2 protein chains.
Amino acid sequence: MKFLTTPYNDSIVLIGPSEQELRIDRIKRLMGESNIDAIIITNHANIYYLTGRVFDGYIFIPVSGEIVYFVRRPVNLEGGKIVNIRKPEDIASHITDIPTTLGLEYDLIPFSTVIRLQNLFPQATPTNASAIMRTARSIKTATEIELIKRSGIEHVNVHRQIPQLYQPGMTDIDLQIEIEYLLRKHGCLGQFRISGDSMELYMGNLLVGDNADTPSPYDFAMGGAGMTPSLPVGAAGTPIKPGNTIMIDMNGNFTGHMTDMTRTYACGPIADIAVKAHNCSIDIHHALVKAAVPGVKCSDLYNLALTMAGDAGLAQYFMGHRQHAGFIGHGIGIEVNELPVIAPRSRDVISCNMVIAIEPKFVIPAVGAVGIENTYLATPTGLVNLTELDEQIIQL
Amino acid sequence: MKFLTTPYNDSIVLIGPSEQELRIDRIKRLMGESNIDAIIITNHANIYYLTGRVFDGYIFIPVSGEIVYFVRRPVNLEGGKIVNIRKPEDIASHITDIPTTLGLEYDLIPFSTVIRLQNLFPQATPTNASAIMRTARSIKTATEIELIKRSGIEHVNVHRQIPQLYQPGMTDIDLQIEIEYLLRKHGCLGQFRISGDSMELYMGNLLVGDNADTPSPYDFAMGGAGMTPSLPVGAAGTPIKPGNTIMIDMNGNFTGHMTDMTRTYACGPIADIAVKAHNCSIDIHHALVKAAVPGVKCSDLYNLALTMAGDAGLAQYFMGHRQHAGFIGHGIGIEVNELPVIAPRSRDVISCNMVIAIEPKFVIPAVGAVGIENTYLATPTGLVNLTELDEQIIQL
């Protein structure tokens, strides 16, 4: 059993001082541009970004001056300016320089929590700091890129072994459970971090045949009925049959910074239109790899993909059939739904060191889902693949 | 592979009309008592409670009158009064009877979402409806109790097989991965629903030796360093050694309504004080089973447990050692942290048909965690165990 992450110690900051400075400086620059004096961060993913660890508490970041960690739990942390508290109301007396404008994570934290934090500094004008954190996190540091690359290597290793897991007579969930076990044995952390409430998932999505065409409530590219109406997405107990495809899009979180990767499998030949659609997905990837240079609008990338699917006569199957997803790619790192969003109304623009999962997929009735997904690093000359593996339909 | 939940269909309500009426009537009664005209529900666990399925959207519940389902996704639902929408702003024009007081899930949904929903009816006085939903859900219906019982049966079946999974030389995470695999093969749904942000977990907590004494950021009874600072709880790669205990508290969600259950294992003899503490946990269980009759205050139950631990000379090890948890039990059902809370300042009172996990545990330095957890149904004569299995320390 190998696990790829930092060993445990009691330091509140586990990412190294220069790495933290890099992340904090970016946030402070964005705060300055928005005329925000101070922000208070409490969302776990953001705390993890800022320190390299999750704790229960609050990070107070003034636009100039030292950051303060207000920690409820665990009780044993050390290093940096730490104040152990029991409740958020304990924060105010430790802040001498009262902010004029206070940024909070309006899009992430409950209404009740925002009200309690606003009441700490009734003089301050409250404002939404969610976009600052999302924007800062959309450009990955070298350390983050390294962690994502390491996830990609293991993610690919697991995909290579999937054909050996398949046995005739399996259902989708049978195969999924074997892949889950293999992922864990390779050091997959299991957790699948998603920002907000628009998605829920357990270890990934494996879709066989027409189950891929069952609409789901979630904001994923694909659907599926799921094993339960309490988690209606993915594998549904569907038998794996010749002529159907098996789309496998499973958890790539091996380091706290994850990759997203999909390959399509089949046992036996599948209908020509499905092969055509799969090849169209590959062609879209190759086109986007070249087109996605810094400065390019993500909406233009979406439209390029949509045009290629339309030109191939496959528009009605693109990103779903009964229900269509509204995007073809997304930033990824600590969470699966980071910036940028590759969607028609996205205002995002490609920048160097963004990490982006691209997933042009099709759902072909009576066959299943086809297409691939890779995680890419944005560079000055286009996208570099971090999940390299045979892109054709793989026979089980 | 057997899975215990409802098969997929397109009905928006999967729990049956009389069952839904039971749940809605309870909520409407609580709304009446709080003078709330209407509530809008969007949290997934609450939507699942109200309909038996998760969808992306909003349920409008007037204190008198028909409930309306505003559905973003999936697009294929039918039955009941459904309005397909793209965004929450589409709701207002479909509501003719404007509420005077509008309840929203302030403790659960992001600040930004609450503001958007409040803006639908600027004339209405907004208020917090979180407590109404938590209170309604704390008393389980017969259908819910049946689902929890079925989870309990499978949960116990898996625990019975754990000794066969152990092999000398294993670490905590090695054993945990084998149990995860067994759980999934028994139909465990994988997802572990938690209300709010105070906890994160993947499939449960397995603690060996002194790792049980590592404080965690989360609001669980026990801690552990975890395999990664991005999810710092539970198994940490600790070798399983003679003289240490192995506390196993894993996912019991087989039906969308889960049980919570812990047993302590060991390989070889352990120190007398740990055996004594384990027996104290069992004694506390037996005392609470009798004491927890309807009308009893949960704070009194907590104090009874604390007194018993103190009388045994074990106070310093009770509910942790370096860091102490502030409760010894909790309601459970769709989520792991429901009402009531068995804690010193809890205002909850035992009622019939509450389902409560009781977990008096101890952390003994150099040995590990001991104690057991069961899920109980509250009845007129006390608690009935839904997770019956040998309570002594089980040899691996």
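For chain A, the count of helices and strands is eight helices and 17 strands. Projecting the C-alpha coordinates of chain A onto the three principal axes gives extents of approximately 70 × 40 × 35 Å. Expressed as a percentage of its 396 residues, the buried residues of chain A come to 64%. Long-range pairs, those at least 24 residues apart, make up 68% of the contacts in chain A between residues at least 6 apart in sequence. By element, 51% of the accessible surface of chain A is carried by carbon and sulfur atoms, the whole surface being about 13700 Å².

Residue and element names in this part refer to chain B. Contact geometry for helix α1 (residues 17-33) and helix α2 (residues 44-51): axes closest at 8 Å, N-to-C directions at 125 degrees. As the angle between them shows, α1 and α2 are arranged oblique. Judged by residue contacts, Gln-20, Arg-23, Ile-24, Arg-26 and Ile-27 of α1 engage Tyr-48, Tyr-49, Leu-50 and Thr-51 from α2. A class-by-class count of the residues in the contact of α1 with α2 yields five nonpolar, two polar and two charged.

Turning next to the confidence of the model for chain A. When pLDDT is averaged along chain A, the result is 96; 98% of the residues meet or exceed 70. Interface confidence for the predicted complex, expressed as ipTM, amounts to 0.97; the pTM equals 0.97.

Take the packing of aromatic side chains next. Counted by the stated rule, this structure contains 13 aromatic pairs over all chains. Each ring, one from Phe-111 of chain A and one from Phe-111 of chain B, has its centre 5.4 Å from the other, and the planes form 10 degrees; the classification is stacked. With Phe-111 of chain A in helix α3 (residues 111-118) and Phe-111 of chain B in helix α3 (residues 111-118), this residue pair bridges two chains. By relative accessible area, which is 9% here, Phe-111 of chain A ends up buried. With a centroid separation of 5.1 Å and 45 degrees between ring planes, the pair formed by Phe-318 of chain B and Phe-362 of chain B is classed as tilted. Separated by 44 residues along the polypeptide, Phe-318 of chain B in the loop between α8 (298-311) and β10 (329-331) and Phe-362 of chain B in strand β13 (residues 361-364) bring together distant segments of the chain. For the pair shown, Phe-318 of chain B and Phe-362 of chain B are each scored as buried. Between the NZ or CZ atom of Arg-23 of chain A and the centre of the ring of Tyr-49 of chain A, over which it lies, the distance is 5.0 Å.

Rules behind the numbers
- Residues numbered from 1 in each chain as written.
- Chains lettered and ligands numbered in written order.
- Predicted model: local features only at pLDDT ≥ 70, side-chain atom pairs only at ≥ 80, totals over all residues.
- Heavy atoms only, no water.
- Helix = DSSP H or I, 4+ residues; strand = E, 2+ residues; numbered from the N terminus.
- Buried < 20%, exposed > 50% of the residue type's maximum accessible area, 1.4 Å probe, protein only.
- Contact = heavy atoms within 4.5 Å.
- Areas by Shrake-Rupley, 256 points an atom, 1.4 Å probe, with all protein chains shown as cover.
- Axes fitted to C-alpha atoms, helices over the stretch in contact; angles between N-to-C directions.
- Parallel < 35°, antiparallel > 145°, perpendicular 65-115°, else oblique.
- Nonpolar A, V, L, I, M, F, W, Y, C, P; charged D, E, K, R; others polar.
- pLDDT = per-residue confidence, 0-100.
- Phe/Tyr/Trp six-rings, centres within 6.5 Å; stacked < 30°, edge-to-face > 60°.
- Lys NZ or Arg CZ within 6 Å of the ring centre and 35° of its normal.

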